[in-house]
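Geometric and topological summary
Here is how the chains run, residue by residue.
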Amino acid sequence: MIWGTEGWRRPARGTGFALAVLAACGLLAACSEAPKIGKAVDQEQRPVTQQSPPFPTVQPPEAAPPPEATQQSKDMGGSKDSGAQTDAYKKDGAAPDSGSMFEHETNGGSGQKIPSVIGEGRIGAGAPPPAEEPKAAGAAPPPPAEVEPKAVEAAPPPPPEPSEPAGGAAPPEPMPDVTTAEPPGAGPRDDDAPMARPAAPPRPSLAAPAPVAVPPPVAPSAAARAAIESDPSKKFKVVPVFYGTDRAIEPDPARLQFGSERGHQLQLGRALISVPLSHKVPHIERPTVYEIPYFKYKIYEEKEDPNKHFTLQEIKSLSEEQMLALVKEQLAKSSTFKDHAFVFVHGFNTSFDCALFRTAQIAYDLGFDGVPFVYSWPSGGKVASYTYDRGSVEQAEPRLAEFLTMVIQKSGAKSISLIAHSMGNELLLRVLERLRPKIPDGVVISQVILAAPDVDRDKFNIIAREITSFAKGVTLYAASNDRALGYSARFWGGVPRAGDIPKDGPLIIPGVDTIDVTAVSTDALGLNHSGYAENPALLDDVKALVEFGIRPPDKRVKSILTVESAAGTFWRFQAAN
């Protein structure tokens, strides 16, 4: 008895040979179960199929069926229903495979088809088995009408099973026992016990591959960041600059931008500035720009390249706690300038970005591994904004006092140097008058460097004397060829400024080292303040002064000479050969 499309049926005489072949291959049992319970039977049948010899008529889907099988099909009257079978495949949108010759067999020529093993996906490259959940071996088969060839073809062909079940289970029973069909509803045999386990794991061949766990991205450590910065393919170095400013924020979707308007409050942050390795001391290499004078209208601007120019890599606003944490971290890594910080206050006609670039340039050229700070007050950034800048300096005094108090009392720096240029001296001197009582024990104001101060000479004389009482050293850089100071003198009625050198000589104050830098330049600390090309000699002196505190000046640099005058002693840079 075999299970056909209409129940149990006695095989026709003409099909005896085909049934014998199928029984020898151990495949008749696959035909006795409907495809929807095929998974449960598959788990027992496939190891047996591997052990049996290959069926001689199995061919790839594109190959024509072997002549022997074709002849057998003709003898059994299979060609009678070939057109109907082909139409069934066309109805489902699939082409018949090479194993469909067995689906053309009829039961004794009655026109009733015998389910084909190849058509069920048991042998060859035909349609794969359906992907349904496993069922118990004794479950009753569903009605034949529910079997659809399209559903059978939907699942991919499974790879061969291992010869021995997982977990050390006994191998499947010999082929003759397996091919004996059981009537529906019969209880499982002893050899079917492994299939009856309710918690049987799915076959590895049908299970989806386990996803590979990808760890989330991790921010690079300090060592990794240093390795990135030292990458030979990168021809620049990044210098961190900590800033304080009372400028107003300008709308800019690309970055945090500070303009020339007054913000009336202190804002803190950090900027990362790239300095090209091709940098020439003490220049600030920036893209070439052609613009109309006084109007700042750009006709042409070269594209920024960190390998060639100073560029702003990052700018970030910080709270006081965040800034102090980063400052202390950098101080802990300092060695040449151990626990040392300097604060730079820029001068007239300076934008916020230019102040950042200048501070980074000073730190880089000094080889300064301490913490560089800059205070940027709201300069108009134009030659014509001199009056506006003067008012900005006066209103910025409370904010600079707040900023310096934080640096001196909370940063953790034990040695602090102060550097001011041009009009920035006016702001710094105002604040230094009231800073002395706020300097804690263990903190030293090392050097106060006043470069080209745009300050009234009499006012400067009074304040500078007070500074010498709490600073280890005070140095005044003055020049007779400073164009900005000449303009300022005319603005103030022709009275020379503290950083100017009139015909009767520079300003000389007891306790202050006055150095005539006319032969070099003060452009190493500012912008457009000299008619001479920039010269690294001034920075060489600043480096020796900040790092070692050597005094008097002629002991630091060989190019500085001592000059005796009627007003007292001062020093002068020699002209370069």
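Before reading on, note that the structure itself is shown above.
Everything numeric in this text was worked out from a predicted model, so none of it was measured.

**Section: the overall build of the protein**
- Helix and strand content of the protein: 16 helices and 15 strands.
- Counting only residues that meet the buried cut, the protein has 47% of its 577 residues in that class.
- Summing over all exposed atoms, the protein offers an accessible surface of approximately 28,200 Å²; the carbon and sulfur share of this is 56%.

**Describing the sheet that holds strand β12 (residues 471-478)**
- The sheet built from 11 strands is open, its strands ordered β7-β4-β3-β9-β8-β10-β11-β12-β13-β15-β14 with mixed pairing. The strands lining the two open edges of the sheet, one partner per strand, are β7 (311-318) and β14 (560-565). Strand-to-strand, the axes of this sheet are offset by a mean angle of 25 degrees, without reference to chain direction.
- Bridge analysis of strand β3 (residues 236-250) against strand β4 (residues 257-276) gives 13 bridges, and the strand direction is antiparallel. Bridged to Lys237 within β4 is Val275.
- Across the sheet, helix α11 (residues 386-395) touches β3 and β4, and the angle it forms with β4 is around 95 degrees.

**As for the packing of aromatic side chains**
- As enumerated under the stated definition, the model contains 14 aromatic pairs in all.
- Judged by centre distance (5.3 Å) and plane angle (90 degrees), the rings of Tyr243 and Phe352 are edge-to-face. With a gap of 109 residues between them, Tyr243 in strand β3 and Phe352 in helix α10 (residues 352-366) connect regions that are remote in the sequence.
- The exposure class assigned to Tyr243 is buried, which follows from its relative accessible area of 0%.
- Here Phe352 falls in the buried class, since its relative accessible area comes to 2%.
- On the numbers, 4.8 Å between centres and 50 degrees between planes, the contact of Phe337 with Phe368 is tilted. Here the residue Phe337 occupies a position in the loop between α9 (320-333) and β8 (340-345), and Phe368 occupies one in the loop between α10 and β9 (371-376), the gap between them amounting to 31 residues.

**Brief notes about the packing of helix α12 (residues 397-410) against helix α13 (residues 424-432)**
- Axis separation between α12 and α13 bottoms out at 9 Å; the angle between their running directions is 65 degrees. The chirality of how α12 crosses α13 is right-handed. Packed against α12, whose contacting residues are Glu397, Leu400, Ala401 and Leu404, the element α13 presents Leu427, Leu428, Arg430 and Val431 at the interface.
- Along the lines of polarity and charge, the residues of the contact of α12 with α13 split into six nonpolar, no polar and two charged.

**Side note on helix α14 (residues 457-467)**
- Arg457, Phe460, Ile463, Ala464 and Ile467 are the residues of α14 that are buried. Projection of α14 onto a plane perpendicular to its axis shows the buried side chains occupying an angular sector of 130 degrees, all on one side. In α14, the exposed positions angled more than 90 degrees off the buried face are occupied by Asp458 and Ile462.

**So, the side chain of Ser446**
- Here Ser446 shows up in strand β11 (residues 444-451).
- Ser446 has contacts with His340, Ser415, Ile416, Ser417, Ala471, Lys472 and Gly473, leaving out every residue within four places of it along the chain.

**Topic: the packing of α13 against α14**
- Two elements in contact, α13 and α14, have axes whose closest approach is 10 Å; the angle formed by their N-to-C orientations is 50 degrees. The orientation of α13 relative to α14 falls into the category oblique. Considering the relative orientation of α13 and α14, their crossing is left-handed. Of the residues in α14, those in contact with Glu426, Leu429, Arg430 and Leu432 of α13 are Lys459, Phe460, Ile463 and Ile467.

**Considering the environment of Ala355**
- Turning to its location among the elements, Ala355 is positioned in helix α10.
- Classification of Ala355 by relative accessible area gives buried; the value is 1%.
- Residues Ala355 and Val345, spaced 10 residues apart in sequence, show a C-alpha to C-alpha distance of 8.3 Å.
- Among residues more than four places away in sequence, those in contact with Ala355 are His346, Thr350, Val374 and Ser376.

The rules behind the values
Residues numbered from 1 in each chain as written. Predicted model: local features only at pLDDT ≥ 70, side-chain atom pairs only at ≥ 80, totals over all residues. Heavy atoms only, no water. Helix = DSSP H or I, 4+ residues; strand = E, 2+ residues; numbered from the N terminus. Buried < 20%, exposed > 50% of the residue type's maximum accessible area, 1.4 Å probe, protein only. Areas by Shrake-Rupley, 256 points an atom, 1.4 Å probe, with all protein chains shown as cover. Pairing = 2+ DSSP bridges. Axes fitted to C-alpha atoms, helices over the stretch in contact; angles between N-to-C directions. Contact = heavy atoms within 4.5 Å. Phe/Tyr/Trp six-rings, centres within 6.5 Å; stacked < 30°, edge-to-face > 60°. Left-handed = near helix turned anticlockwise from the far one by under 90°. Nonpolar A, V, L, I, M, F, W, Y, C, P; charged D, E, K, R; others polar. Arc of directions from axis to C-beta. Parallel < 35°, antiparallel > 145°, perpendicular 65-115°, else oblique.

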